[in-house]
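# Notes for the structure review
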Amino acid sequence: MDIVTLAEVAGNLNVVGYGLAAIGPGVGLGILIGKTIESTARQPELGGRLQTLMFLGLAFVEVLALLGFALAFVLK
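Rules and cut-offs
- Here the residue numbering is sequential within each chain, running from 1 through the sequence in written order.
- Only residues with pLDDT of at least 70 get local features here, since the model is predicted, and only at 80 or more are side-chain atom pairs given and counted; chain-wide, interface and lining totals rely on the full set of residues.
- Note: side-chain values were computed over all heavy atoms of the structure, leaving out hydrogens and water.
- UniProt positions are given in the numbering used here, feature names are shortened, and annotations may be inferred rather than shown by experiment.
- Each helix is a run of H or I in the DSSP string that is no shorter than four residues. Each strand is a run of E no shorter than two, and both are numbered from the N terminus.
- A pair is scored as a salt bridge if a Lys or Arg side-chain nitrogen falls within 4 Å of a carboxyl oxygen belonging to Asp or Glu.
- Under the scheme applied here, a residue whose accessible area is under 20% of the maximum for its type counts as buried, over 50% as exposed, and between as partly exposed, the area being computed with a 1.4 Å probe on protein chains only.

### A short note on the UniProt feature "transmembrane region" (unreviewed entry) in the protein chain
Listed under "transmembrane region" (unreviewed entry) in the UniProt record, and renumbered for this structure, are residues 15–33 and 53–75. Here residues 15–33 is 100% helix and 0% strand, with 27 Å between the C-alpha atoms at its ends.

Right, dumping it as structure tokens:
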């Protein structure tokens, strides 16, 4: 195989890896936000507290997505 071909394959695998790394946080955010809305509907008096906890969880999930993005470039 040619060296250029190997570089193209490695580059394509990085893109696929990031795509797979983005699926987990996407599903996690959907579950997190859905459960927060469900909990607020059940107990509206806790809405502010639940929203604060949701934003903390959202930050942690997004850090995982950014780590996946950064690792795609670091582990070339």
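### Some remarks on the pattern of salt bridges
Taken as a whole and judged by the stated rule, the model has 2 salt bridges. For the salt bridge of Lys-35 with Glu-38, the shortest nitrogen-to-oxygen distance reads 3.7 Å. Residue Lys-35 and its partner Glu-38 are located together in helix α1 (residues 3–42), separated by 3 residues, close to a single helical turn. Its relative accessible area of 48% is what places Lys-35 among the partly exposed residues. Residue class for Glu-38 comes out partly exposed when judged on its relative accessible area of 34%. The partner of Arg-42 in a salt bridge is Glu-38, with the nearest N and O atoms 3.3 Å apart. Separated by 4 residues within a single helix, Arg-42 and Glu-38 lie in helix α1, roughly one turn from each other.

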